[in-house]
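# Secondary and tertiary structure notes
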Amino acid sequence: MFAQFIPGKPVTIHPAVESKAVVRGAMKGPGAGLGKTAPALPPHAGSARPAGERSARTPPPPPPIPTAPEVAADAAAIEQTDAGTRPALAVLESFDGLGAGFTARAVPNGDAAPAAGAEAVTRSAGRGGIDLSLAVGPDHIFEIVNGNMAVFTKKGRRYPASGKLLYGPVPNNTVFAGFGDRCSTNNNSDSVVRYDQLAKRWLIVVPVFRAPYAICYAVSATADPLGQYYRYEFARPLFPDYPRPAVWPDGYYLPTSTSDDPVPEVVTQKHDCIAERARMLKGLAATEQCVVIDGAVFMLNSDVTGKRKPPAGAPNIMMSTGGTQLLKRFEDDGIYFYKVHVDWSDPARTTISPPQKIAVAPYHYLCDGQLSNCVPQPGTDRRLDSQGDKLIQGLMYRNFGGHEALVVDHSVATAAHGGGVRWYEFRLDAERNPVLYQQGSYAPGGFFRWLGSIAMDRAGNIAVGYSFGGDPNFPGQRFAARRNDDPKGKLTFHESVLAKGQASQASLRWEDYTNIALDPSDDCTFWFVGNYLQSGAASSTTRIGSFKVPGCR
């Protein structure tokens, strides 16, 4: 059954078009390596999205509070309203990352007098953020928050402890120093870092939001995140908002949002682009193919976790929620999937199938979607945003040999008028169509759990990290998990606290996105990052932590 998200406007999938590659300066850099490169100076006004700056300004009056919906009986039936009975998982390691109060600095000549304007880099990294991205390699932890990046140690064969700052904070465009018309001069939020476990490389994606638009890719030349990168700049005719890179053997897949303005003759519009991973890993000239999709909603491409690849030639599965927030359609009873096939020899043969529906329990977007004043906090009328209209990164894929699985989650309204994390496991059938295997809405106690991120370890155990709040609780971070053989739809380990909130936030935006990552050293340890406010703080700090389900090895 093909999907249609906007009444009277069927989904239109346009032919793939190659992006224009822009090559200016050395493709390999920056200089002798990222860790040897001084931070780029703060960008000129307007180059970064202003959202991350709002916490430092006087916020506008809170918008109206959305009316909590009555949840359908079928939705209430899959809610997990009691915490799991297994003991809470221990937090193995935990430290504060970028955000309010972060004053450390580790850059070349960091003890010397900084270049004019460079002190603003540290001050910027010490403000709260809404765009959180985390990647973990064998020896390093790489964090991006808003317009800044930093690299920390990870305990293991090379370092005795986790959380020591090795490099940063520096503006995201530091990795593109001396390259590109726009990548080297624009520093934007919404930047994302990934560890490509299949190739043992690091991927950094930085969008350019000032016209003329562009997407900037940096792929590490070695396994060292502080070494040199192969840099690529691709021109984009459309605004590249909310990029979510995913690793697949035949490409780096990057869905973005280009238009959210359903006026006559214009529909909601999304972009799915694929960069030529095989050539980028070698530092060769590469291409990017983009497909415009009219009438769709926010999408995620499947992202390989672990070392076992999908079968050769397998299409990438792309998914989205249903509904359309801008038309006030906040409910649906399906998750929708596309099959994406890229052909590097002939873009005319690159295809994306029409979206098809997978029937799931009904859901209503938490807070009626994004940019809404919804999650309550103690001592303030200001409520927090939930991003409830979209799947939150990532759509994680695993090949177990005997079966292939996908896991993903989003934020939903609950029967107790709170918020819960709706999570799914899908398995691929013989035609490579995803089929629902299990689902659940995690919502103990009637509070708010939202903006989750889900992952599956090598044993098939599932973990979900998420924000937790709701008066009288300050917003913070928690996680819960299940064993592979536990009853379906249940997170059986009692939730654990990663970061206990100590204050309320004065601004509406909260994270926008976060992510959970698997440690490639054992493919069992989960790493998660999320926001919380320290006592007396005006804006948020990130907390990075790890945990593991017993028995995975």
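Above this text sits the structure in question.
Note that the coordinates shown come from a computational prediction; the quantities given were computed from them, not determined experimentally.

Counting buried positions along strand S33 (residues 525-532) gives eight out of eight residues, so the element sits mostly inside the fold. Linkage of strand S32 (residues 516-518) to S33, two consecutive antiparallel strands, is achieved through a turn of six residues, within which Asp-523 is found at a positive phi near 60 degrees. The pairing of S33 with strand S34 (residues 541-548) spans eight bridges and is classified as antiparallel. Bridge pairing in S34 places Val-529 opposite Ile-544.

Turning our eyes to something else, we now look at the state of the cysteines. Using the criterion set out here, one finds four disulfides in the structure. Linked covalently through their sulfurs, Cys-273 and Cys-290 form a disulfide whose S-S length is 2.1 Å. Taking the torsion about the S-S bond as the criterion, the Cys-273 to Cys-290 disulfide, at about 115 degrees, is right-handed. Of this pair, Cys-273 sits in strand S17 (residues 269-275) while Cys-290 sits in strand S18 (residues 288-294), and the two are 17 residues apart along the sequence. We note that Cys-273, like Cys-290, is buried. Two residues share a disulfide in this structure: Cys-524 and Cys-552, whose sulfurs sit 2.0 Å from each other. As the torsion about the S-S bond is roughly -75 degrees, the Cys-524-Cys-552 disulfide counts as left-handed.

On to the pattern of salt bridges. What the rule picks out here adds up to 19 salt bridges. Linking Glu-233 and Arg-182 is a salt bridge whose minimum nitrogen-to-oxygen distance equals 3.5 Å. Within this pair, whereas Glu-233 is found in strand S14 (residues 229-236), its partner Arg-182 is found in the loop between strand S10 (165-171) and strand S11 (192-196), the two being separated by 51 residues in sequence. With a shortest N-O distance of 3.3 Å, Arg-194 and Asp-303 are connected by a salt bridge. A residue pair is termed long-range when its members are at least 10 positions apart, and Arg-194 in strand S11 and Asp-303 in strand S19 (residues 299-304) qualify at 109 residues. Shared partners join several salt bridges into a network, and the residues in it are Arg-449, Arg-478 and Glu-495.

On to the packing of aromatic side chains, then. By the definition in use, this model includes 19 aromatic pairs. Aromatic pair Phe-142 and Trp-202: ring centres 6.0 Å apart, planes at 40 degrees, arrangement tilted. Here Trp-202 lies in strand S12 (residues 201-208) and Phe-142 lies in strand S8 (residues 140-145), a separation of 60 residues in the sequence. Each member of the pair, Phe-142 together with Trp-202, is buried. Taking 5.9 Å as the distance between ring centres and 50 degrees as the angle between the ring planes, the aromatic pair formed by Tyr-442 and Tyr-466 counts as tilted. You can see Tyr-442 sitting in strand S27 (residues 434-442) and its partner Tyr-466 sitting in strand S29 (residues 462-470), a full 24 residues away along the chain. The pair Tyr-442 / Tyr-466 is uniform in exposure class, with both members buried. Here the aromatic cluster, defined as three or more aromatic residues joined through ring pairs, consists of Phe-95, Phe-102 and Phe-152. Across from the ring centre of Tyr-513, 3.7 Å away, lies the NZ or CZ of Arg-244, which sits over that ring.

Topologically, Phe-468 is positioned in strand S29. Sequence separation of Phe-468 and Gly-322 is 146 residues, and the distance between their C-alpha atoms is 25 Å. In contact with Phe-468, other than residues within four places in its own chain, are Phe-447, Phe-448, Arg-449, Trp-450, Asn-473, Phe-474, Pro-475, Gly-476, Arg-478 and Glu-495.

A few words on empty space enclosed by the protein. Going through the model one piece at a time under the given rule, you end up with six cavities of 30 Å³ or more. Around the largest cavity sit 22 residues that line it, and Arg-194, Tyr-195, Asp-303, Met-396 and Ala-517 are the ones nearest its centre. When residues of the lining of the largest cavity are traced back to their parent elements, those giving at least two are strand S7 (132-136), S11, S19, strand S24 (392-399) and S32. Its residues placed into classes, the lining of the largest cavity shows twelve nonpolar, seven polar and three charged. The volume enclosed by the second largest cavity comes to roughly 110 Å³. In this structure, the second largest cavity is lined by Asp-260, Thr-268, Lys-270, Val-297, Phe-298, Thr-324, Gln-325, Leu-326, Tyr-365, Gln-370 and Asp-389. Grouping the constituent residues of the lining of the second largest cavity by class yields four nonpolar, four polar and three charged.

The next point concerns the nonpolar core. In this structure, Phe-5, Ile-293, Met-319, Ile-335, Tyr-338, Leu-406 and Phe-426 are the most contacted members of the largest nonpolar core, which totals 41 residues. For this core, the element with the most residues is strand S21 (residues 331-341), which contributes five residues. Val-407, Phe-479, Phe-526 and Phe-547 belong to the second largest nonpolar core, which has 26 residues in total.

The next thing to look at is the sheet that holds S34. The strand order S6-S34-S33-S32 describes an open sheet built from four strands, whose pairing is antiparallel. The open sheet is flanked by strand S6 (93-99) and S32, the only strands paired with a single partner. Pairs of neighbouring strands in the sheet enclose a mean axial angle of 25 degrees, with direction left out of account.

This next bit is on unusual backbone geometry. Geometrically, the link from Gln-393 to Gly-394 is a cis peptide bond, its omega value of 0 degrees lying close to zero. Along the chain, Gly-394 turns up in strand S24. A cis amide bond, omega 15 degrees, links Asp-471 with the succeeding residue Pro-472. With respect to the secondary-structure elements, Pro-472 resides in the loop between S29 and strand S30 (473-482). The backbone of Cys-367 shows a phi angle near 65 degrees, a positive value even though the residue is not glycine. As for its placement among the helices and strands, Cys-367 is situated in the loop between strand S23 (356-364) and S24.

Criteria and cut-off values
- Residues numbered from 1 in each chain as written.
- Predicted model: local features only at pLDDT ≥ 70, side-chain atom pairs only at ≥ 80, totals over all residues.
- Heavy atoms only, no water.
- Buried < 20%, exposed > 50% of the residue type's maximum accessible area, 1.4 Å probe, protein only.
- Helix = DSSP H or I, 4+ residues; strand = E, 2+ residues; numbered from the N terminus.
- Pairing = 2+ DSSP bridges.
- Disulfide = S-S within 2.5 Å.
- Salt bridge = Lys/Arg side-chain N within 4 Å of Asp/Glu carboxyl O.
- Phe/Tyr/Trp six-rings, centres within 6.5 Å; stacked < 30°, edge-to-face > 60°.
- Lys NZ or Arg CZ within 6 Å of the ring centre and 35° of its normal.
- Contact = heavy atoms within 4.5 Å.
- 1 Å grid on protein atoms, 1.4 Å probe; cavity = no way out; pocket = protein on both sides within 12 Å on 5 of 7 lines; lining within 4 Å.
- Points joined across faces, edges and corners; volume = space filled by probe spheres on them.
- Nonpolar A, V, L, I, M, F, W, Y, C, P; charged D, E, K, R; others polar.
- Core = buried A, V, L, I, M, F, W, Y, C linked by side-chain atoms within 4.5 Å.
- Axes fitted to C-alpha atoms, helices over the stretch in contact; angles between N-to-C directions.

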